[in-house]
Protein chains: 4
Amino acid sequence: MPLSPDQQAEVDALRDAPQQTLRATAPGIEQHLYRAHDVLDHGFVRVIDYMGDDSAICQAARVSYGRGTKSVQNDEGLIRYLMRHWHSTPFEMCEIKLHVKLPVFVARQWIRHRTANVNEYSARYSILDREFYIPAPDHLNAQSVVNNQGRGALLEGEEAARVLDILKADSNRAYDHYEQMISEDGQSGLARELARMNLPANIYTQWYWKVDLHNLFHFLRLRADAHAQYEIRVYADAIAKVVADWVPAAYGAFEDYRMGGAQLSAKGLECVRRMLKGEEVTQETSGMSKGEWREFEGVLNDPA
Amino acid sequence: MPLSPDQQAEVDALRDAPQQTLRATAPGIEQHLYRAHDVLDHGFVRVIDYMGDDSAICQAARVSYGRGTKSVQNDEGLIRYLMRHWHSTPFEMCEIKLHVKLPVFVARQWIRHRTANVNEYSARYSILDREFYIPAPDHLNAQSVVNNQGRGALLEGEEAARVLDILKADSNRAYDHYEQMISEDGQSGLARELARMNLPANIYTQWYWKVDLHNLFHFLRLRADAHAQYEIRVYADAIAKVVADWVPAAYGAFEDYRMGGAQLSAKGLECVRRMLKGEEVTQETSGMSKGEWREFEGVLNDPA
Amino acid sequence: MPLSPDQQAEVDALRDAPQQTLRATAPGIEQHLYRAHDVLDHGFVRVIDYMGDDSAICQAARVSYGRGTKSVQNDEGLIRYLMRHWHSTPFEMCEIKLHVKLPVFVARQWIRHRTANVNEYSARYSILDREFYIPAPDHLNAQSVVNNQGRGALLEGEEAARVLDILKADSNRAYDHYEQMISEDGQSGLARELARMNLPANIYTQWYWKVDLHNLFHFLRLRADAHAQYEIRVYADAIAKVVADWVPAAYGAFEDYRMGGAQLSAKGLECVRRMLKGEEVTQETSGMSKGEWREFEGVLNDPA
Amino acid sequence: MPLSPDQQAEVDALRDAPQQTLRATAPGIEQHLYRAHDVLDHGFVRVIDYMGDDSAICQAARVSYGRGTKSVQNDEGLIRYLMRHWHSTPFEMCEIKLHVKLPVFVARQWIRHRTANVNEYSARYSILDREFYIPAPDHLNAQSVVNNQGRGALLEGEEAARVLDILKADSNRAYDHYEQMISEDGQSGLARELARMNLPANIYTQWYWKVDLHNLFHFLRLRADAHAQYEIRVYADAIAKVVADWVPAAYGAFEDYRMGGAQLSAKGLECVRRMLKGEEVTQETSGMSKGEWREFEGVLNDPA
């Protein structure tokens, strides 16, 4: 859903007013400032502000007087070293502030990341808009039969149609009733802080969310992961693209050491060592449970 | 709503099995362990565990080898001193773990207190129960006409009846549809992580919540306050009673210095000084805005 | 102590390279960027970066699409309202990054403020400089006879001279020995991570410290307070001046509602009410301990 | 150094007074309560209190009404699953409180773990004891020649003797001067908050430290690691033994998935896959830098 003309005008006004600053500036993220990156059917992610860049990570790691840069190559080497050895504090020296519009059930997962600053649109104070997340047909899945916490095959035909009908009808009815209850036409009008309780979890809310780069990487590792629920993963993916433009060296190290890598257990490591010596290792001889072995094989065979 | 017989049996089993420990034990809170204190129509607060007591606060403040107690009177004096001078770290040395059942819209406010540990019942993994908060008639208020963020007079007559009808009917319909969507009778069954989005914010969820005493006092100060929404205030009130039994000296200091006290601004303090010298001070001569002056008068006149 | 020519050149290079940005820019703090504000005999505070301004606080509080500004006057009113009612999250939307050089015993107090990001110069990895804090004669005080945790009268004459001689001689000897132990001239050279243990707590260290405005205000309230140790208070004072230039409206509200105000206890409030009705209240009739009463009188009489 | 008779009597009094409680009790850790586990020459770790056990982790993960235990075997499987999949919140439901005596330079590293509660002995308020860490001859190492942040070979002969002489003499002289400066014999006596600045970083301090199990595991992973400085590693090792007795299932999972395991990068994982297919991979064909390759080989060959 596009921004309203008023909202777009506010965004444009900010984009038309570049200013001079002595602060570290990251050209790659300036282009993203204020623009809305669409996510799901009505959601978005907008970069509102940022602090620091790849050099700022090195500057802090070296506690230096200047930018901390020796050369781009040195900086990248240092950043990779810091990431590899879990030296997380220099990454905390970069900060980003986002404006996010998202369904309430996504917000409820997101907020569990506590090391961040949040200001959410208040439904005690204000009236929410009539905007609900309705899944696209290619993201309407059945309950997984192998994983209690995941999705299986796509719903099809009549079942899919019926689900979409329910979601749409219930959302709209709930919103109609919300409006009727708070209306002051010929009545007192129910308090907003009470009326909101009738609204389902697919209604959209919005917030300002500010987080440092280390904690953002942690968020991305968990939420851009294949096991995360699709509806939060698409937000993580949108943010990941912004981060790649903002701090390319740090993002590269993150991809190599965190997203693309894998944690092997002591047992898994021992199995790899035996296999490299030519031994045939099976689940029975691995010391792992069936579930662990399946995951271990997945790591070694890389389904991607 | 009472616990189910199975749940009650689990609680009883725990209450029947006292054990010996060398840890500091607070008799006042032992009686509360595991019992459900009812809150709202289906909610509760249950104490699951605690660490420390009034003496533990003093023990940590003194970094002592023993209990830190000189005498009960000395301990109380020290605790009052610590509270008065914002020495918060000794209060962090006590910890409490609660099991709470609460409506989702209350949970969304509660979770904003970030310095706590939380495990919430997962609606990705499990199926929620058919339990919804429906306000009692004496807590069904209109939107306040003086405070955008509060409640005004009670709704009456037909309007109240209509609101209750809507809330009940919509809750039940939403739950019926939730059940229909996830059912695997003759269909694949929508993934739980998707189906939950149809459920309104008055459905009950539950969580384990663990917090230290300093941060709990902060929670109570904000949520047991008259400006907090009624539906979270009743939880804060229930917890406050438990805390008063657990750490009576600390709770007494909290009541005196935080809950019952007031923060005066520099302007407010200057006005008090002038008034004590006999000067008649009005809003116009106070340097305060009308809103500040009204709040200042409220403090001096104590509506309670 | 002035920066070395190399350090000054690095600072100058940064100050000579303004860049264009679309981010919110606060003119009042740009002048401070990178410059060293001297504190104590060898310390300093330098602003390395900042995020946000007064408008950014309002923008987040309103979750708005644009700057959140209606007018400067409205913004100030909103900021004062937020501060008065302990709505802290909008203030968390501003962030500042400082480079600080400070004695180790000051750093040990400072680090107790946990909600901040820190990168400290590593004495495991690097060699510390020969720079020690030696108090100026007008800050060389005796132990207080009324407050176990404070200072009394200035030391004078021979006693003062002897103390300064000890501090200087011990500092230099410790550093000489540190150098001798790590030297690789004709020996293996003790590991730096071990040799540092010989250095006293008045040696200077440095760090990058990044914090949001809400937590910075909390730091200032405790550390710019008259009860804070002088050697950390001067850092808080230097930072407070920067903050006043950065976010003037927020700083004004902070001064009125926090620094210049006072927290009255329930008992204190009740006494004020009685006094305003003309009653003569004494410590005996106040319900307060002697210590509390003395502090209460101090608030009402304002020694400043 | 043994506790003083007074201190030992305080400890004994606590150990002689078992009490009844309804809380979850972990027999394995009760034996540790209050006892001092010696660390270094004058330091110790003492368990003051704890909350929860292995079952409490499962109880929270299941948000259950009772203990959450189905069977010991099921509990262990669940705990391993939670650890493997980075579900950290159930581990936060256990808490431990320690009394630690440690050299100041160790305390300065330790305090960087921010998600914990701390009360340190105050040298503003109290007088420190004459206790300094002097390394044993088998832990007196030269600076590493391959790692800027580590130790190399042991110092020997005259060099070792000279270093120990310096450390002992400087410690004692610093303490003599500290005592002289604060003495009130015939003088005013320097304020304690100032006098302490003369004391070197090997003086012992003590604190109460309280942390949840998830954050404690994080501390142990970094500080019980071979790259951690020896003087903090021995504290981590002492704590690890306590934890193994307290929550054996969680500790077992931690050992398998964290301490004994390894994080492979995307490049490292790709190399393993190629090697398992029979390809000979060298640093040149690995895509890794020399440093990364050396660490990668270390993982595959396990020096232990």
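Model, not experiment: these values are computed from the prediction. (Residues numbered from 1 in each chain as written. Chains lettered and ligands numbered in written order. Predicted model: local features only at pLDDT ≥ 70, side-chain atom pairs only at ≥ 80, totals over all residues. Heavy atoms only, no water.)

Regarding its fold elements, chain A presents 13 helices and nine strands. On the principal axes, the C-alpha backbone points of chain A span a range of 80 × 60 × 30 Å. Going through the 304 residues of chain A one by one, you find that 60% of them count as buried. Taking as baseline every contact in chain A between residues at least 6 positions apart, the subset at least 24 positions apart corresponds to 66%. As displayed, chain A offers around 12000 Å² of accessible surface, 49% of which is attributable to carbon and sulfur atoms. For chain A, the distance from the average site of its 34 positive side-chain charges to the average site of its 43 negative ones is 6 Å. (Helix = DSSP H or I, 4+ residues; strand = E, 2+ residues; numbered from the N terminus. Buried < 20%, exposed > 50% of the residue type's maximum accessible area, 1.4 Å probe, protein only. Contact = heavy atoms within 4.5 Å. Areas by Shrake-Rupley, 256 points an atom, 1.4 Å probe, with all protein chains shown as cover. Lys, Arg positive; Asp, Glu negative; His and termini not counted. Charge placed at Lys NZ, Arg CZ, Asp CG, Glu CD.)

Moving on, we come to the UniProt feature "binding site: FAD" (unreviewed entry) in chain A. Mapped onto the present numbering, the UniProt feature "binding site: FAD" (unreviewed entry) falls at Thr89(A), Arg112(A), His113(A), Arg114(A), Glu120(A), Asp212(A), Leu213(A), His214(A) and His218(A). Across 130 residues of sequence, these annotated residues are also dispersed in space, with a maximum C-alpha separation of 27.4 Å. Leave out the neighbours within four places in its chain, and Asp212(A) touches Glu92(A), Cys94(A), Glu95(A), Asn117(C) and Lys210(C). There is a polar contact of 2.9 Å between the side chain of Asp212(A) and the backbone nitrogen of Asn215(A). Here Leu213(A) is to be found in helix α8 (residues 213-223). (UniProt positions renumbered as here; feature names shortened; annotations may be inferred. Polar contact = N/O pair within 3.5 Å; in protein donor to acceptor, adjacent residues only side chain to side chain.)

Quick look at the UniProt feature "active site" (unreviewed entry) in chain A now. Residues and elements named next belong to chain A. Here the UniProt feature "active site" (unreviewed entry) sits at Arg-223. Structurally, Arg-223 is set in helix α8. Relative accessible area serves as the criterion here: at 16%, Arg-223 is assigned to the buried category. With residues up to four places along the chain from it excluded, the contact list for Arg-223 reads Gln-109, His-113, Ala-228, Ile-232, Arg-233 and Ala-236. At 3.0 Å, the side chain of Arg-223 and the side chain of His-113 are in polar contact.

Here we take up the pattern of salt bridges. A full pass over the atoms with the stated rule returns 80 salt bridges over all chains. Linking Glu95(A) and Lys210(A) is a salt bridge whose minimum nitrogen-to-oxygen distance equals 3.3 Å. Taken together, the residues span a long stretch of sequence, with Glu95(A) in strand β4 (residues 95-103) and Lys210(A) in strand β8 (residues 204-212) at a distance of 115 residues. Salt bridges sharing common partners tie together Arg80(A), Arg84(A), Asp256(A), Lys267(D), Glu292(D) and Glu295(D). (Salt bridge = Lys/Arg side-chain N within 4 Å of Asp/Glu carboxyl O.)

Contacts between the two partners involve 55 residues from chain A and, on the opposite side, 55 residues from chain C. Summing the contributions of chain A and of chain C, the shared interface buries around 5100 Å²; its carbon and sulfur component is 54%. A per-residue breakdown of the area chain A buries against chain C is headed by Leu22(A), Arg23(A) and Tyr65(A), which together make up 21% of the total. Our enumeration of links across chain A and chain C arrives at four salt bridges. For Arg23(A), the salt bridge goes to Glu30(C), with nearest N and O atoms at 3.8 Å. Our enumeration of links across chain A and chain C arrives at 30 residue pairs in polar contact (both at pLDDT 80 or more). (Buried area = accessible area lost by both parts, 1.4 Å probe.)

A few words on the sheet that holds strand β8 (residues 204-212) of chain B. Residues and elements named next belong to chain B. In space, the five strands of this open sheet follow the order β2-β3-β4-β8-β5, with antiparallel pairing throughout. Bordering the open sheet on either side are β2 (36-39) and β5 (117-120), each of which pairs with just one other strand. Within the sheet, the average angular offset between the axes of one strand and its neighbour, ignoring direction, is 20°. By the bridge criterion, seven bridges tie strand β3 (residues 43-51) to strand β4 (residues 95-103) in an arrangement that is antiparallel. Each residue of the ladder has a partner; that of Phe-44, found in β4, is Lys-101. Sheet strands in contact with helix α8 (residues 213-223) are β4 and β8, and its direction is about 125° off that of β8. (Pairing = 2+ DSSP bridges. Axes fitted to C-alpha atoms, helices over the stretch in contact; angles between N-to-C directions.)

Take the sheet that holds strand β8 (residues 204-212) of chain D next. Residues and elements named next belong to chain D. The strand order across the open sheet formed by five strands is β2-β3-β4-β8-β5, and the pairing between neighbours is antiparallel. Two strands in the sheet have a free side with no partner beyond their single neighbour: β2 (36-39) and β5 (117-120). Mean inter-strand twist for the sheet, computed between neighbouring axes without regard to direction, equals 20°. Sheet topology note: the β5/β8 ladder contains four bridges and is antiparallel. Looking at β8, one finds that Asn-117 is bridged to Lys-210. Across the sheet, helix α8 (residues 213-223) lies against β4 (95-103) and β8, angled at about 125° from β8, the strand it touches most.

Mapping chain D onto chain B is achieved by rotating through 180° and translating by 0.0 Å along the same axis, at an RMSD of 0.0 Å. What the superposition gives is, in effect, a two-fold axis relating one chain to the other. Identified as the residue of chain D closest to the rotation axis by C-alpha distance is Gln20(D), at 2.3 Å. Most of the interface of chain D is mirrored in chain B, where 100% of its interface residues again form contacts. (Least-squares fit on C-alpha atoms with pLDDT ≥ 70 in both.)

Tallied over the entire structure, the rule returns 56 aromatic pairs over all chains. Between Phe132(C) and Tyr175(C), the aromatic rings sit 6.2 Å apart at their centres with planes inclined by 85°, giving edge-to-face as the arrangement. With Phe132(C) in the loop between β5 (117-120) and β6 (141-143) and Tyr175(C) in helix α6 (residues 157-182), this residue pair connects regions lying 43 residues apart in the sequence. Accessibility classification places Phe132(C) together with Tyr175(C) in one group, the buried group. An aromatic cluster is present here, built from Trp110(A), Trp207(A), Trp209(A), Phe219(A) and Tyr235(A) joined pairwise through their rings. Positioned above the aromatic ring of Trp86(A) is the side chain of Arg258(A), whose terminal nitrogen or guanidinium carbon lies 3.7 Å from the ring centre. (Phe/Tyr/Trp six-rings, centres within 6.5 Å; stacked < 30°, edge-to-face > 60°. Lys NZ or Arg CZ within 6 Å of the ring centre and 35° of its normal.)

Moving on to the interface of chain D and chain B. Counting residues at the interface gives 55 residues for chain D, matched by 55 residues for chain B. Carbon and sulfur atoms supply 54% of the area that chain D and chain B bury against each other, a total of about 5100 Å² over both sides. When the area that chain D buries against chain B is broken down by residue, the three leading residues are Leu22(D), Arg23(D) and Tyr65(D), summing to 21%. Scanning the region where chain D abuts chain B turns up 31 residue pairs in polar contact (both at pLDDT 80 or more). Within the residue set of the side of chain D that touches chain B, elements represented by two or more residues are α1 (5-15), β1 (19-21), β3 (43-51), α3 (54-61), β4, β5 and β8 of chain D. Residue classes in the side of chain D that touches chain B are distributed as 27 nonpolar, 14 polar and 14 charged. With three bridges connecting them, strand β1 (residues 19-21) of chain B and β1(D) associate as antiparallel partners. Residue pairing across strands places Gln20(B) opposite Gln20(D), the latter belonging to β1(D). (Nonpolar A, V, L, I, M, F, W, Y, C, P; charged D, E, K, R; others polar.)

Overlaying chain A with chain C gives an RMSD of 0.0 Å, the required rotation being 180° about an axis along which the chain moves by 0.0 Å. A share of 100% of interface residues in chain A that are also interface residues in chain C marks the association as one of identical surfaces.

Glancing now at the side chain of Asn119(C). Its place among the elements puts Asn119(C) in strand β5. Note on Asn119(C): relative accessible area 6%, which makes it buried. Within the structure, the side chain of Asn119(C) is placed 2.9 Å from the side chain of Thr89(A), a separation counted as a polar contact. If we ignore the near neighbours within four places in the chain, the residues touching Asn119(C) are Ala60(A), Ala61(A), Val63(A), Thr89(A), Pro90(A), Met93(A), Gln206(C), Trp207(C) and Tyr208(C).

A separate point is the environment of Tyr125(D). Within the secondary structure, Tyr125(D) sits in the loop between β5 and β6 (141-143). Residue Tyr125(D) is classed as partly exposed on the basis of its relative accessible area, which comes to 40%. Taking C-alpha positions, Tyr125(D) is 14 Å from Trp207(D), a pair spaced 82 residues apart along the chain. Not counting the four nearest positions on each side in its chain, Tyr125(D) is found in contact with Asn148(C), Gln149(C) and Arg192(D).

The next thing to look at is helix α8 (residues 213-223) of chain C. Residue and element names in this part refer to chain C. Most of α8 sits out of view: eight of its 11 residues are buried. Residues Leu-213, Asn-215, Leu-216, Phe-217, Phe-219, Leu-220, Arg-221 and Arg-223 constitute the buried set of α8. Between a side-chain oxygen at the N-terminus of α8 and the backbone nitrogen of His-214 the separation is 3.0 Å; the capping residue is Asp-212.

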